[in-house]
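Overview (structure and organization)
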Amino acid sequence: MKIVICPNVEQATLLAARVMEDALRQTPDITLGLATGRTMEKVYAALVQAHRDRGLDFSHCQSFNLDEYVGISPSSTQSYRAYMHTHLFSRVNIALSATHVPDGMATDLAARCAGYEKALHACGGVGLQLLGLGENGHIGFNEPFSAFTSCTRVVTLDPATREQNRSMFDDDLAQVPYHAVTMGVGTILDARRIVVLATGAAKARVVADMIEGPLTASISATALQMHANCLVITDEAAATALTRRAFIDHLMQHDAELQGLLS
Ligand code: GLP
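Please read these numbers as outputs of a predicted model, since none were measured by experiment.

1. A few points about the sheet that holds strand E6 (residues 128-131)
Strand order in the open sheet made by the seven strands is E1-E10-E9-E6-E2-E3-E5, with parallel pairing throughout. Bordering the open sheet on either side are strand E1 (2-6) and strand E5 (99-100), each of which pairs with just one other strand. Alignment of strand E3 (residues 62-65) against E5, held across two bridges, turns out to be parallel. By the bridge assignment for E5, phenylalanine 64 is matched with histidine 100. Here helix H2 (residues 38-54) sits on the sheet and contacts strand E2 (31-34), E6 and strand E9 (194-198); the angle it forms with E6, its principal contact strand, is near 130°. Running over the sheet, helix H7 (residues 204-212) touches E1, E9 and strand E10 (230-235) and is turned about 155° from E10.

2. Concerning the site of the ligand
Every one of the 13 residues lining the ligand counts as a neighbour, but Arg38, Thr39, Asp67, His138 and Lys203 are closest to it. Note that an oxygen atom of the ligand is positioned 3.3 Å from one of the side-chain N or O atoms of asparagine 165. Within the side chain of lysine 203, a nitrogen or oxygen atom sits 2.7 Å from an oxygen atom of the ligand. Here the residues of the shell around the ligand are counted per class, giving three nonpolar, seven polar and three charged.

3. Topic: the nonpolar core
With 82 residues, the main nonpolar core has Tyr44, Leu47, Leu88, Leu133, Val196, Leu224 and Ile233 as its most contacted residues. In terms of residues, this core owes the most to one element, helix H1 (residues 9-26), which gives eight residues.

4. Observations concerning H2
Between its first and last C-alpha, H2 extends 25 Å over 17 residues, near the 24 Å set by a 1.5 Å rise per residue. Residues of H2 that are buried: Thr39, Met40, Val43, Tyr44, Ala46, Leu47, Val48 and Ala50. Each element contacted by the buried residues of H2 is listed here: H1, E2, helix H3 (80-87), E6 and E9. After H2 finishes, the residue glycine 55 shows a positive phi value of roughly 65°.

5. With respect to H7
Of the positions making up H7, those classed as buried are Ala204, Val206, Val207, Ala208, Met210 and Ile211. Of the surrounding secondary structure, the elements contacted by the buried residues of H7 are E1, E9 and E10.

6. Overview of the pattern of salt bridges
Under the criterion given, the structure shown has ten salt bridges. Its salt-bridge partner being aspartate 103, residue arginine 112 comes within 2.5 Å of it at the nearest N-O pair. By relative accessible area, which is 45% here, arginine 112 ends up partly exposed. A salt bridge links aspartate 249 to arginine 245; the shortest N-O distance between them is 2.9 Å. Here the residue aspartate 249 and the residue arginine 245 both occupy positions in helix H8 (residues 245-254), the gap between them amounting to four residues, near one helical turn. Several salt bridges share partner residues, and in doing so they unite Lys2, Asp255 and Glu257 into one network.

7. So, the packing of H2 against H3
As a packed pair, H2 and H3 sit with axes 9 Å apart at the nearest point and diverge in direction by 40°. Packed against H2, whose contacting residues are Met40, Glu41, Tyr44 and Val48, the element H3 presents Tyr83, Met84 and His87 at the interface. Its residues assigned to classes, the contact of H2 with H3 shows five nonpolar, one polar and one charged.

8. Quick word on the environment of aspartate 249
What makes aspartate 249 partly exposed here is its relative accessible area of 24%. Sequence separation of aspartate 249 and isoleucine 5 is 244 residues, and the distance between their C-alpha atoms is 8.2 Å.

9. So, the packing of H1 against H2
Put simply, H1 and H2 touch, their axes get as near as 9 Å, and they point 50° apart. As summarised for this structure, H1 and H2 are arranged oblique, according to the angle between their axes. For the pair H1 and H2, the sense of crossing is right-handed. Residue-level contacts link Val9, Thr13, Leu14, Ala16, Ala17, Met20, Glu21 and Arg25 of H1 to Lys42, Val43, Ala46, Leu47, Ala50 and Arg54 of H2. Partitioning the contact of H1 with H2 into residue classes produces nine nonpolar, one polar and four charged.

Cut-offs and rules
- Residues numbered from 1 in each chain as written.
- Predicted model: local features only at pLDDT ≥ 70, side-chain atom pairs only at ≥ 80, totals over all residues.
- Heavy atoms only, no water.
- Pairing = 2+ DSSP bridges.
- Helix = DSSP H or I, 4+ residues; strand = E, 2+ residues; numbered from the N terminus.
- Contact = heavy atoms within 4.5 Å.
- Axes fitted to C-alpha atoms, helices over the stretch in contact; angles between N-to-C directions.
- Near = heavy atom within 4 Å.
- Polar contact = N/O pair within 3.5 Å; in protein donor to acceptor, adjacent residues only side chain to side chain.
- Nonpolar A, V, L, I, M, F, W, Y, C, P; charged D, E, K, R; others polar.
- Core = buried A, V, L, I, M, F, W, Y, C linked by side-chain atoms within 4.5 Å.
- Buried < 20%, exposed > 50% of the residue type's maximum accessible area, 1.4 Å probe, protein only.
- Expected span 1.5 Å × (residues − 1).
- Salt bridge = Lys/Arg side-chain N within 4 Å of Asp/Glu carboxyl O.
- Parallel < 35°, antiparallel > 145°, perpendicular 65-115°, else oblique.
- Left-handed = near helix turned anticlockwise from the far one by under 90°.

See the structure below:
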C-alpha cells in the first residue's frame, strides 16, 4: 500500500483524477472500475474538465461500476446508473455500450451478478479501480463480514450505510433500499491497480483501520493491505487517526514512485 496525504480535499481529488487521466492516456483501451458517492463527484468533474480542456479521450475504454441498489430503476435519479450519467458518462466521449453498472432490477439477480463477473473477465479484468470508503469500512457495498474472496452478489446494507446514504433519497430513510448488488472484495482485489480516495474527518477512523489495522472481514477495506498495487490518497482531515504518520511522511519524501506522483 502506498499512501499520499494531501493538504486539502481539492488537491487529493485532483491527484486521484490525475492518476486516472495518466492511466487512460497510457492505455486508451483500459477497463476502468468506477465508484460513486459524494467524494467521487469532484474526481469526475476534474476528468470532464480534462476531456474538455486537454482532449482526454474515453472512446476506447470500458467501465464497470462497483455497485447499484436493488429495486431502483436505472432511470431513477437515485440510481448509481443515473449518478454516473450525470457526473461522467453524458459529459465525456465514452460509448454507452462500453459502460457497465450492475442491474438492480433483474428478476434473476444471481444470474445477472454471474453475468457481470463474466463480462468483466471478457474485458480482461479491471486495469484501474477507483474506490471510495464507507464510514463502516465498506468498499463498493461490501458491508462488514463480506468474505475477502467474495464476487459480485446481492448484499444486505448495514443500517449505518442506509443512514449515510439517506440524503440521496430525499433524506427519507424509508426510501433507502435494504439491498444492493456489489462487486465482491475478491473482484476488487483482482484489479491490477487500485486508487482509494478518502477525504474528510468522518473517514479518519476507517482510513487508519484500512492502513494500520489488522486484516478483518469486519472492515472490508483492510483487505486492500493484501493488494500489491494500491495507492491511498487522503486529505489531512482523513489522516488524523493514523499513528504511523511520521513514517508515512518519510515515505512520501523518499519513495521514488510517490515522488513521481507528487512532482
Ligand atoms: C456508497 C458507495 C461506495 C462509496 C461510498 C462513499 O456507499 N456504495 O462505493 O465508497 O458511498 O460515499 P461518500 O463518498 O459519499 O462518502
